Amino acid sequence: MEGKNFLRCLFFICSVVLIMLFTAFNFPTPLSDKSELLECATNSAWCTAKNRILRHPHRAPLGHDHTADVPHHPLDPLTIQEMNKVQKVIKSFFGKSVYSVHSLVLEDPEKQVVLKWQKGDPLPPRKASVIARAAGKNYLLTVDVESGEVVEHDTSHISGFPLVTLEDMQNVIFAPLSNAHFNRTILERGVDLNDVACLPFSPGWFGKAEDGRRLVKLECFTMKDTANFYMRPIEGIIVITDLDTSEVVEIIDKGKHIPIPKAAGTDYRLSAENGPVIKLPNPISMEQPNGPNFVVEDEHLVKWANWEFHLRPDPRAGVMISRARVRDPETGELRNVMYQGFSSELFVPYMDPEEAWYFKTYMDAGEYGFGLQALSLDPLNDCPRNAKFMDAIFAASDGTPYVRSNMVCIFERYAGDAAWRHTESPITGKLILEARPKVSLVVRMVASLANYDYIVDWEFHADGLIHVKVSLTGIVIVKGTSYVNMNQVKENEDIYGTLLADNIIGVVHDHYINFYLDMDIDGLDNSFVNVHLQREYTHGTSPRKSYMKVNKTVAKTEKEAQIKLKLYDPSEFHVINPNKKTKVGNPVGYKVVPAGTAASLLDPEDPPQKRSAFTNNQIWVTRYNKSEQWSGGLFAYQSHGEDTIQVWSDRDRPIENKDIVLWYTLGFHHVPCQEDFPIMPTVSSGFDLKPVNFFERNPVLRIAPYVENELPVCKAAASA
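Residues numbered from 1 in each chain as written. Predicted model: local features only at pLDDT ≥ 70, side-chain atom pairs only at ≥ 80, totals over all residues. Heavy atoms only, no water.

Glancing now at helix α4 (residues 80–94). For the α-helix, the turn length of 3.6 residues means that residues three or four positions removed from each other point alike. Helix length check: α4, at 15 residues, gives a terminal C-alpha distance of 21 Å against a target of 21 Å (1.5 Å per residue), a fit within 8%. Listed as buried for α4 are Ile80, Glu82, Met83, Val86, Gln87, Val89, Ile90 and Phe94. In this fold, the buried residues of α4 make contact with β1 (99–106), β2 (127–134), β3 (137–144), β4 (150–153), β15 (388–395) and β16 (401–424). (Helix = DSSP H or I, 4+ residues; strand = E, 2+ residues; numbered from the N terminus. Expected span 1.5 Å × (residues − 1). Buried < 20%, exposed > 50% of the residue type's maximum accessible area, 1.4 Å probe, protein only. Contact = heavy atoms within 4.5 Å.)

Put into structure tokens, the structure is as follows:
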């Protein structure tokens, strides 16, 4: 009986930790998954803990009931009713075989079908794209929602596995605690087993010896005396485990000499701080008592100012922006800008080659699901009070649909910036002062990828610009060390990071986020232009010796559009429609304005770099192919790197005056500093998609200025 109580205690502790970290995967809200109901029936402590978390007062309120939802647009996500139909088909397809669903989403209709569809037309046939596993095999299926017809696609030529499910993780976290060697070494370090939390991390891929099994590497921490257990690693223990069987394959145990960092000062919660709370005496909030200036029609069609686009949550990409169109102020015409845009893949390599760290080269979208890890947003702190929220419907590992409430928020932003302005001095005989407010529309989601939080904004401006921003915050993953001061570090010794506090090293790492941008500027057939800026000499024809000259080159094939940015050899990069010109003869277009330009310094033949080859260049342009959406490959988990954008682009297909896709990689180098301890302030960067000769003139010329008596006067009120 004593042994059973001990195991129950361990089960409860690990379950609570897993809930806190991975709520984002597939916990239904409210409780609806059969496996979850069974868990509640057999383990009331687990159920109570989970319900406490789901009902936390600071979490966003639940959205409306989605059981009666119906699709209105060809790109609307699958509804609960549709997913239930697909689940029955999947169950029948696999028969008595044990299977797991790793993705169940809408299979987009063909692009031409979507472009021809108009509101009021019948919807094209609704189909589901399903990624599943059974008997050690990956399955990619297309399921007709109405007929139940199933088409199986061959994926035998693609290495790797689908993203892991929460059930995978939930099963494997208990594996170390069932291993006598592991328990013994934990006790030898003076750690109470009741305080241990082990988290599953993807292993990357480093050779054929790792093929044939879905593996995970568990790293362990102590939760004692802090909520921020990431700052208390049990350094040097890595438990390699088979995800399918939960069998412990190997235990690496090389850190017994490294002390566990103290808990003091690691807790980031406001309640844990002993000093005075820093609070502005007059809080700031953007209020819209008359309501917002945008509408969301039929759940997913967003209309604001001169913009219209389709918005849907996605378990892998986070959010997908589709059919982005802007209204021309001169003609009133809604003009195509971008058919689809989303986060395609992430790459987070840690720069420590030692045994317990070398594999930490995460591809978070393809290994865990960027959207699956997006939690409900905090209405007053993640998003302003004037925000509106959108729910997501995802599938659990048995195909059961569940609701992720308030995963996306939409709000208008005004920060006192000018859309344009000019003051003319009295040279003209009178003072001219003209200024216009810059108001934008923001679509936001936040993914909590274990220790790190990624805030992704798609921001639409009335002048036609789209700003895509990624903000990083959360907790730096740290390495335990015996050092408490830099004077202990030997000369020329590489500690692979920064000593942040006693016994804690913040390891150097990178963050890369690759974006898929299917630009359709006024039509499908576009071209990519390198607008090269170079020094030109006057050769004595002017008092000036030199000036900057513009040379434009249209990329003929994909390899010509593999772009590494160079500070002292600059270019602009335009996507144009050569078939449509302005009144004065310029081709209409948009340009990508780079920022966040960190480049990977890994060797091109290093396995992590081959798998995340999208970081070989900051900009790529490929021929549109419906199957080429995920720049790190369809099956990123333990992939070899043979299904990446590098492989697609090296086919060197023609791209001039064709349907093309622009890819941009936003990059951050992160050398941790003490200000990142115990939780890091937000760091942001982004890029712009900006009109270039798209309009005949300034599209916000006629925006009205603010007038005092037209603005609302707000009174302070308690938050809802």
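Back to the text.
A separate point is the nonpolar core. Trp458 and Phe528 are the most contacted members of the largest nonpolar core, which has 120 residues in total. Setting aside residues no more than four positions away along its own chain, Phe528 makes contact with Thr553, Val554, Ala555, Ala561, Ile563, Phe573, His574, Val575, Ile619, Val621, Ile660 and Leu662. Met83, Phe94, Ile393 and Val403 belong to the second largest nonpolar core, which has 22 residues in total. (Core = buried A, V, L, I, M, F, W, Y, C linked by side-chain atoms within 4.5 Å.)

Before going further, it helps to spend a moment on the UniProt feature "active site" (unreviewed entry) in the chain. Residues annotated in UniProt with the feature "active site" (unreviewed entry) correspond here to Asp364 and Tyr452. The greatest C-alpha distance among the residues just named is 10.7 Å, despite their covering 89 residues of sequence, which places them together in space. With respect to the secondary-structure elements, Asp364 resides in helix α8 (residues 364–367). The contact partners of Asp364, leaving out residues within four places of it in the chain, are Glu345, Leu346, Val348, Gly369, Phe370, Gln373, Leu449 and Tyr454. Considering the arrangement of structural elements, one finds Tyr452 in strand β18 (residues 452–461). For Tyr452, a relative accessible area of 3% puts it in the buried group. In this structure, Tyr452 is in contact with Tyr350, Ala447, Thr473, Ile475, Val476, His509, His511, His670 and Met680, ignoring residues within four places of it in sequence. (UniProt positions renumbered as here; feature names shortened; annotations may be inferred.)

Overall, antiparallel pairing links the 4 strands, which are arranged β5-β6-β7-β8 in an open sheet. On the outer flanks of this sheet lie β5 (196–201) and β8 (248–253), each paired with one strand and no other. Looking at each pair of strands side by side, their axes are set apart by 25 degrees on average, direction ignored. Bridge analysis of strand β6 (residues 215–222) against strand β7 (residues 233–242) gives 6 bridges, and the strand direction is antiparallel. Note on β7: the bridge partner recorded for Glu219 is Ile238. Relative to the sheet, helix α7 (residues 180–188) contacts β5, β6, β7 and β8, its axis offset from that of β7 by approximately 175 degrees. (Pairing = 2+ DSSP bridges. Axes fitted to C-alpha atoms, helices over the stretch in contact; angles between N-to-C directions.)

Evaluation of the coordinates by the stated rule reveals 29 aromatic pairs. Counting every residue linked through ring pairs, the aromatic cluster contains Phe342, Tyr516, Trp630, Trp648 and Trp663. One Lys or Arg, Lys111, reaches over the ring of Tyr339 and ends 4.9 Å from the middle of that ring. Directly above the aromatic system of Tyr624 lies the positively charged group of Lys111, at a separation of 4.3 Å from the ring centroid. (Phe/Tyr/Trp six-rings, centres within 6.5 Å; stacked < 30°, edge-to-face > 60°. Lys NZ or Arg CZ within 6 Å of the ring centre and 35° of its normal.)

With that out of the way, let us pick up the state of the cysteines. Going through the model one piece at a time under the given rule, you end up with 2 disulfides. Across the disulfide from Cys198 sits Cys220; the S-S distance is 2.2 Å. Between Cys198 and Cys220, the disulfide has an S-S torsion of 100 degrees and is therefore right-handed. On the criterion of sequence distance, the pair formed by Cys198 in strand β5 and Cys220 in strand β6 is long-range, its members being 22 residues apart. Paired by a disulfide, Cys383 and Cys409 hold their sulfur atoms 2.2 Å apart. Because the torsion about its S-S bond is -90 degrees, the bridge between Cys383 and Cys409 counts as left-handed. Highlighted residues: Cys383 in the loop between α8 and β15 and Cys409 in strand β16, separated in sequence by 26 residues. On the basis of relative accessible area, Cys409 is assigned to the buried category, the value being 0%. (Disulfide = S-S within 2.5 Å.)

Splitting the chain by domain gives domain 1 (66–153) and domain 2 (166–272). The C-alpha-based centres of domain 1 and domain 2 are spaced at 37 Å. (Domains from an automatic or database assignment.)

Let us now look at the sheet that holds strand β22 (residues 504–507). With antiparallel pairing, 3 strands are arranged side by side in an open sheet as β20-β22-β21. Either end of the sheet is taken by a strand with one partner, and the two such strands are β20 (478–480) and β21 (497–501). The mean angle between the axes of side-by-side strands here comes to 40 degrees, regardless of whether they run parallel or antiparallel. Here β20 pairs with β22 via 3 bridges, running antiparallel. Paired with Val478 across the strands is Gly506, a residue of β22.

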